[in-house]
Amino acid sequence: MSTCLFREGDAITPSDRQGFDRRWSAPNLERVYTPLTADDALNAAENFIHMYNHDEVQIVSGRHCYENFIYSAKTKCIVDVTGLRDFGHDRDKGYYIGTGNANWDMYQILNNVFGKTLPAGSCYSVGLGGHVTGGGYGLLSRLYGLTVDWITGVRIVVIRNNRAELLYCDASNHADLFWAVRGGGGGNFGIITHYYFQDLPRSPDYMYISTITLPWEGITPDVLFQYFQTFAEYECSQSELTWNNFNIIHINHKYTGALSLSSFTYYDKTRQGDINSFERSLIATTNQRKQRYASIGKVSNTPAPHIGHPVWLADNGLFLTADDALPYRKYTYLEGTQNVNGSGPNRYGKYKSAYLKQAVPRDQSDKYFHYMTEQPEGADLSATLFQLDSYGGRINRVSSKETAIAQRSSIAKVQYGTYWYEDSQDPAANEARAAANIKWLQDMYSDVYARWNGIPSPTAFSDPLVDGCYFNYCDTDIGVNNSDYSMNGAHYPIDKAMSAYFRDNYVGSFSHPSVFMVKQTWNPQNWFASSQSIPAVDANKAA
Ligand SMILES: Cc1cc2nc3c(=O)[nH]c(=O)nc-3n(C[C@H](O)[C@H](O)[C@H](O)COP(=O)(O)OP(=O)(O)OC[C@H]3O[C@@H](n4cnc5c(N)ncnc54)[C@H](O)[C@@H]3O)c2cc1C
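Within any chain, residue numbers begin from 1 and follow the written order of that chain's sequence. Owing to the predicted nature of the model, reporting of local features is limited to residues with pLDDT of at least 70; listing and counting of side-chain atom pairs is limited to 80 or more, with chain, interface and lining totals taken over all residues. With hydrogens and water stripped out, all remaining heavy atoms of the structure feed into the side-chain values.

Caption draft 1: Structural detail: the overall build of the chain. A run of H or I in DSSP counts as a helix once it spans at least four residues, and a run of E counts as a strand once it spans at least two, with each numbered from the N terminus. Counting secondary structure elements, the chain contains 14 helices and 16 strands. C-alpha atoms define the radius of gyration in this analysis, and the globule rule sets the expected value at 2.2 Å times the number of residues to the power 0.38. Computed over the C-alpha atoms, the radius of gyration of the chain is 23 Å, within 12% of the 24 Å expected from 2.2 N^0.38 for a compact globule of 543 residues. Within the chain, contacts between residues at least 6 apart in sequence are counted, and of these 73% link residues at least 24 apart. Carbon together with sulfur atoms contributes 50% to the accessible area of the chain, which is approximately 20,400 Å² in total. Only four residue types enter the tally: Lys and Arg on the positive side, Asp and Glu on the negative side; His and the chain ends are excluded. Positions of charges follow a simple convention, taking NZ of Lys, CZ of Arg, CG of Asp or CD of Glu. Charge-centre separation for the chain: the mean point of 46 positive side chains lies 4 Å from the mean point of 55 negative side chains. By definition in these notes, contact holds between two residues if any of their heavy atoms fall within 4.5 Å. Areas reported as accessible are Shrake-Rupley estimates using a 1.4 Å probe. Residue values count occlusion only from the protein chains shown.

Encoded structure:
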């Protein structure tokens, strides 16, 4: 039996108004729908379309959105899918999982119940609702691609002509919608209730983690440049033999003391065979990696600060010490996944991203050196970094048109992040610190990508170095809808952001799909509109 569950009035608590990022809140929230089934989500939609405007309703799963798409002053109503936690295996449609589950729920369910997994992100509390449809990737993605590459069906509530409908879409049913929800991102097409997978990767048997600390002391512009070249050549190798290895170099700000290089390698007995020879070879490659970096600059056994993603405590034994006989720590797959699944504290933060097809070039490296060693007045850069995640592998075996994720030729993804606390009793001091941190990040980003007018989007059809940005690392600096959350008259700044996120899949071409067209077809009234939702129509007409 389906119901229409919601809370309002005194049953709304401060927790309902708050995102994971402490910058975002919804002070005007009036009502929270809490569906427990897909039919409940349909009932909620049938209810709210008569009560609220298209830009007053938002959907929430894990609350990890980097921007204020959900938690803003505009939001009066939220559909919180936390209650959609069911999972199972359908004889026809395969494995399924509700979008209220978070990453760690998913890893436990798939591993413990089915012996399977997904190449999703590490941080335990990230919700599948936004994460998977945005393209979700993680430590297994070089080996197994993106989460969206495994989806074979999606259950979703769509709203057209003021009518809500619960649909199942797949390659044969509503194929355009199915294409778009695989990468088009949360809040764009409807309320996704379940993801379906005909097949899933087998859980690896073991996970090996090794870390190298690279102290800032002794890092010169030449050293930093060589780190980038070495990382691209070896740690981002596209040889299939290396796809079970994922590396992250954390370029922490100088005032944190050190950079770090973390390597994650998976053993699956059905792929790698004899474990003894696998481990012998891993010891050799891990030692060689350390020697490579030691030949460029200093390496140290002191744990580096761990600021970016995934988060883990530097003192929980994951950092190797001089006493370790082996150059890595070995864990069962589930244990290793849990060891690096920290999401970090709730802080204030600002993020950006870029896809890279080649090593960081010299001019960019020198700019990074400048910004990562300066201390601008008023900013607190003690929790600031950018990290290069090795990328590609199986991700790049899928064509740019296969899903809405167009970026299928990058070797690294760059994540930029600056975090701060607002501890002062003086709100003006807090605001000043936030503004200084954000400005510093904006300055570095636009300077590094100055050749591309400040956004790492190819200015021509293709570009040898950059390939846009990642929708799940959303960044409103790169272009927003107007204040009605629709397109911006003649200037369309939102187009810049959309082109960065979706490249040629934004407006598409004669024979290719486009997230813009699918949005117009399936969500023409722009429900769940936000400052960076895919544009549909003029909001004034839609309201
Ligand atoms: C600590 C942290 C770690 C991260 N690590 C990774 C990582 O390793 N890999 C990676 O790829 N990304 C990572 N991300 C980014 C993450 O994928 C995105 O922020 C993602 O959108 C979060 O999804 P959510 O459901 O938790 O967020 P929410 O804030 O709940 O939702 C994000 C967007 O999706 C929409 N949405 C939510 N649920 C639904 C639904 N059921 N149907 C339709 N729309 C919905 C929301 O309206 C919103 O627009 C990380 C983010 C954080 C904060």
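Caption draft 2: Highlighting the UniProt feature "domain: FAD-binding PCMH-type" (unreviewed entry) in the chain. If you check UniProt for "domain: FAD-binding PCMH-type" (unreviewed entry), the listed places come out as residues 25-202 in our numbering. Here residues 25-202 runs as 21% helix and 24% strand, with 39 Å between its end C-alpha atoms. UniProt positions are given in the numbering used here, feature names are shortened, and annotations may be inferred rather than shown by experiment.

Caption draft 3: Up close: the domain arrangement of the chain. Segmentation of the chain into domains, including their bounds, is taken from an automatic or database domain assignment. When its domains are assigned, the chain resolves into domain 1 (87-197) and domain 2 (206-478). Contacts between the two partners involve 35 residues from domain 1, matched on the other side by 45 residues from domain 2. We define buried area as the total accessible area lost by two parts upon association, computed with a 1.4 Å probe and summed across both. Each partner contributes to the roughly 3,100 Å² buried at the junction of domain 1 and domain 2, and carbon and sulfur atoms together form 60% of this total. Considering only the surface of domain 1 that becomes buried against domain 2, Y137, L139 and R142 emerge as the three largest contributors, covering 32% of it.

Caption draft 4: Representation of the packing of helix α6 (residues 221-235) against helix α8 (residues 275-294) in the model. Axis geometry follows a simple rule: fit a line to the C-alpha atoms, using only the stretch in contact for helices, then measure angles between N-to-C directions, giving values from 0 to 180 degrees. At a minimum axis separation of 10 Å, α6 and α8 run at an interaxial angle of 160°. As the angle between them shows, α6 and α8 are arranged roughly antiparallel. Considering how the two elements wind past one another, α6 and α8 form a crossing that is right-handed. Contacts from Y227, T230, F231, Y234 and E235 of α6 reach α8 at R289, R292 and Y293. We call two directions roughly parallel when the angle between them is under 35 degrees, roughly antiparallel when it is over 145, roughly perpendicular when it lies between 65 and 115, and oblique otherwise. In a left-handed crossing the near helix is turned counterclockwise from the far helix by less than a right angle, and in a right-handed crossing that turn is clockwise.

Caption draft 5: How the structure looks around the pattern of salt bridges. Here a salt bridge means any side-chain nitrogen of Lys or Arg lying within 4 Å of a carboxyl oxygen belonging to Asp or Glu. For the structure shown, the criterion picks out 27 salt bridges. Of the charged contacts in the structure, one is a salt bridge between R31 and E8, with a shortest N-O distance of 3.1 Å. Note that R31 is positioned in strand β2 (residues 31-33) and E8 in strand β1 (residues 6-8), a separation of 23 residues in sequence. Think of it in three bands: with a 1.4 Å probe and only protein chains considered, a residue is buried below 20% of the maximum accessible area for its type, exposed above 50%, and partly exposed in between. The buried category is assigned to R31, whose relative accessible area is 6%. What you see here is one network of salt bridges that share partners, running through E67, K350, K352, D475 and D477.

Caption draft 6: Quick peek at the sheet that holds β1. When DSSP finds two or more bridges between two strands, those strands count as paired. Pairing within the open sheet is mixed, and its four strands lie in the order β1-β2-β4-β3. Because the sheet does not close on itself, it has two edges, and the strands there are β1 and β3 (57-60). Geometrically, the sheet is characterised by an average inter-axis angle of 20° between neighbouring strands, direction not taken into account. Bridge analysis of β3 against strand β4 (residues 77-80) gives four bridges, and the strand direction is parallel. Note that in β4 the partner of Q58 across the bridge is I78.

Caption draft 7: Region of interest: the environment of F528. Inspection of the secondary structure assignment puts F528 in the loop between α13 (515-522) and α14 (539-542). Overall, F528 belongs to the buried group, its relative accessible area being 2%. Put simply, F528 and Q58 are 470 residues apart on the chain and 4.9 Å apart in space, counted from C-alpha to C-alpha. Beyond its immediate stretch of four places on either side in the chain, F528 contacts F48, H54, V57, Q58, I59, I159, G187, G190, I191, N523 and S533.

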